Amino acid sequence: MTDGMRLRQVRKSFGPLEVIHGVDLVVGEGEFVVFVGPSGCGKSTLLRMIAGLEEVSDGDIEIGGKDVTDLDPSQRGIAMVFQSYALYPHMSVRENLGFGLSMANVPKAEIAAQVDAAAKILKIEPLLDRRPGQLSGGQRQRVAIGRAIVRKPQVFLFDEPLSNLDAELRVSMRIEIARLHRELGNTMVYVTHDQTEAMTLADKIVVLRDGVVEQVGTPREVYEHPANTFVAGFIGSPR
Ligand code: ADP
Ligand code: MG
């Protein structure tokens, strides 16, 4: 299997405090990987280093076989979907979707085609002329995902994209994201503190505690053969 992504001894310190302690990880191309663990364990920091939004203190990161450790976010072949939707309130959905491409000087006709394709995948075609303020939380989250899709990244990065949604919507969006992965086939790295999300979405689960990987495995492996009592407690405990 080709590498979708590889981390080697990745570390992160904020000032004197090390919060990520030498993480090694291999992700196959097209795999859906979920980082799971309690609040403060380092999920976002790890994802932000993969995205290039946070410098690594030590170690290196490859995406698609290429060392991206010192590259800008825009050069890494990634697109990130945030928990807060970060949509531009004064722009229509269509403009929000196309904004990144227009900044990159992509021709107008191509932007229109990409935006239409993404809108179709996410079933938001009827919303294209609305502003974010006229959308529900779930619709806004779709637009945020659409913005990642139009950039045609090799790897999608999600940081708790559903945590602002109510329980019912979380379940339906989770199913949407699984469908998206099936349809697009990209490598996806998804951060959540929600075990149910992790278990249902992941091909591979990475359980983190205090900046250390406690276990990597399929949902079944992690559930049936937890590496230690922490993993057993975290994965097994009801929400
Ligand atoms: P998670 O996403 O799993 O909740 P984070 O990656 O946000 O965890 O945080 C991991 C640790 O790093 C926490 O102890 C947090 O306080 C610390 N941290 C995160 N960002 C910063 C920062 N910019 N400056 C200092 N400490 C930070
Ligand atoms: Mg976080």
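Our subject is the structure that appears above.
Definitions and cut-offs
- Residues numbered from 1 in each chain as written.
- Chains lettered and ligands numbered in written order.
- Predicted model: local features only at pLDDT ≥ 70, side-chain atom pairs only at ≥ 80, totals over all residues.
- Helix = DSSP H or I, 4+ residues; strand = E, 2+ residues; numbered from the N terminus.
- Expected span 1.5 Å × (residues − 1).
- Buried ≥ 20, exposed ≤ 12 C-beta atoms within 10 Å, placed from the backbone.
- Arc of directions from axis to C-beta.
- Contact = placed C-beta atoms within 7 Å.
- Near = placed C-beta within 6 Å.
- Nonpolar A, V, L, I, M, F, W, Y, C, P; charged D, E, K, R; others polar.
- Pairing = 2+ DSSP bridges.
- Right-handed = clockwise from strand over helix to strand, strands pointing away.
- Axes fitted to C-alpha atoms, helices over the stretch in contact; angles between N-to-C directions.
- Parallel < 35°, antiparallel > 145°, perpendicular 65-115°, else oblique.
- Left-handed = near helix turned anticlockwise from the far one by under 90°.

I'd love a proper account of helix α3 (residues 108-122), names of residues and values included.
The end-to-end C-alpha distance of α3, which contains 15 residues, comes to 21 Å, matching closely the 21 Å that a straight helix rising 1.5 Å per residue would cover. Looking only at α3, the buried set comprises I111, Q114, V115, A118, A119 and L122. Across the axial projection of α3, the buried residues extend over an arc of 130°, all falling on one side. In α3, the exposed positions angled more than 90 degrees off the buried face are occupied by A109, E110 and K120. Buried-residue contacts for α3 involve α2 (93-103) and α4 (137-149). K123 occupies a position one or two residues after α3 and carries a positive phi of about 60°.

So what about the site of ligand 1? Which residues, and what values?
Every residue near ligand 1 is listed here: F14, V19, G37, S39, G40, C41, G42, K43, S44 and T45. Sort the elements by how many residues they give to the shell around ligand 1 and helix α1 (residues 43-51) lands first, with three residues. Looking at the shell around ligand 1 residue by residue, the classes come out as three nonpolar, six polar and one charged.

Please set out the environment of E110 residue by residue, giving values where relevant.
Turning to its location among the elements, E110 is positioned in helix α3. Sequence separation between E110 and G133 is 23 residues, and the spatial gap between their C-alpha atoms is 27 Å.

Report on the pairing of strand β7 (residues 155-159), specifying residues and quantitative values.
Within β7, five of the five residues are buried, which leaves it mostly tucked inside the rest of the structure. Neither face of β7 is open: one carries V155, L157 and D159, the other F156 and F158, and all of them are buried. In the sheet, strand β6 (residues 78-81) pairs with β7 via four bridges, with the strands oriented parallel. By the bridge assignment, A79 is partnered in β7 with F156. Sheet topology note: the β7/strand β8 (residues 187-192) ladder contains five bridges and is parallel. The residue of β8 that forms the bridge with F156 is M188. Following the chain from β7 across helix α5 (residues 167-184) to the adjacent parallel β8, one finds a crossover that is right-handed.

Residue-level account of the packing of α3 against α4, with values.
Two elements in contact, α3 and α4, have axes separated by 9 Å at closest approach and are oriented at 135°. Classified by the angle between their axes, α3 and α4 sit oblique to one another. The two elements α3 and α4 meet at a crossing, and its hand is right-handed. Taken together, the residues of α4 that come into contact with α3 (itself represented by A118, A119, I121 and L122) are R142, I145, G146 and I149.

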